[in-house]
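The residues making up each chain are set out below.
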Amino acid sequence: MAIRLPRILHAKQVFRRSNFFPNQSTSIDVPKGYLAVYVGQCEKKRFVIPISFSNEPLFQELLYKAEEEFGFNHPMGGLTIPCAEEMFLDLTSRLSNL
């Protein structure tokens, strides 16, 4: 538990500093307990995922990649994850089955 604590704290920091909702979207589009992310290499697609995924090490790795590529300035206005859409769908389906 003590080993994972810094990663969880870092993930919370990433979420706090990101603007999850772009100007054209409102929080009504995202249910409580979920967050919107943009995924894709070239063309970004919007996904709404449970915030509980942020506790999972596999998802935290994606957050680190997003931080390395974009810092806390995400071009889409929301949290942008730099990975292929197919990989993201595979990961989220695995996390949903836990």
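Quick note: structure is the one above.
Residues numbered from 1 in each chain as written. Predicted model: local features only at pLDDT ≥ 70, side-chain atom pairs only at ≥ 80, totals over all residues. Heavy atoms only, no water.

Draft legend 1. View of the packing of aromatic side chains. Taken as a whole and assessed by the stated rule, the structure comprises 2 aromatic pairs. An angle of 50° between the planes, with centres 5.2 Å apart, marks the rings of phenylalanine 47 and phenylalanine 88 as tilted. Taken together, the residues span a long stretch of sequence, with phenylalanine 47 in strand β2 (residues 45-50) and phenylalanine 88 in helix α3 (residues 85-96) at a distance of 41 residues. Owing to a relative accessible area of 15%, phenylalanine 47 belongs among the buried residues under this scheme. (Phe/Tyr/Trp six-rings, centres within 6.5 Å; stacked < 30°, edge-to-face > 60°. Helix = DSSP H or I, 4+ residues; strand = E, 2+ residues; numbered from the N terminus. Buried < 20%, exposed > 50% of the residue type's maximum accessible area, 1.4 Å probe, protein only.)

Draft legend 2. The arrangement of the nonpolar core in detail. Ranked by internal contacts, the top residues of the largest apolar core, which has 15 residues, are Val37, Val39, Ile49, Phe59, Leu62, Ile81 and Phe88. Every element with two or more residues in this core is listed here: β1 (34-39), β2, α2 (57-70), β3 (79-81) and α3. Here valine 37 is in contact with Lys45, Arg46, Phe47, Ile49, Leu79, Ile81 and Phe88, once residues within four sequence places are set aside. (Core = buried A, V, L, I, M, F, W, Y, C linked by side-chain atoms within 4.5 Å. Contact = heavy atoms within 4.5 Å.)

Draft legend 3. Local environment of the environment of glycine 40. Secondary-structure assignment places glycine 40 in the loop between β1 and β2. With 45 residues separating them in the primary sequence, glycine 40 and glutamate 85 have C-alpha atoms 5.2 Å apart. The contact partners of glycine 40, leaving out residues within four places of it in the chain, are Ile81 and Cys83.

Draft legend 4. Local environment of the sheet that holds β3. Ordered in space as β2-β1-β3, the 3 strands form an open sheet in which the pairing is mixed. The sheet is open, and its two borders are formed by β2 and β3, each paired with just one other strand. On average, each strand axis in the sheet is tilted by 40° relative to the strand beside it, whichever way the strands run. Bridge count between β1 and β3: 3 bridges; the pairing is parallel. Bridge pairing in β3 links valine 39 to isoleucine 81. Across the face of the sheet, α2 comes into contact with β2 and β3 while running at roughly 105° to β3. Across the sheet, α3 lies against β1, β2 and β3, angled at about 15° from β2, the strand it touches most. (Pairing = 2+ DSSP bridges. Axes fitted to C-alpha atoms, helices over the stretch in contact; angles between N-to-C directions.)

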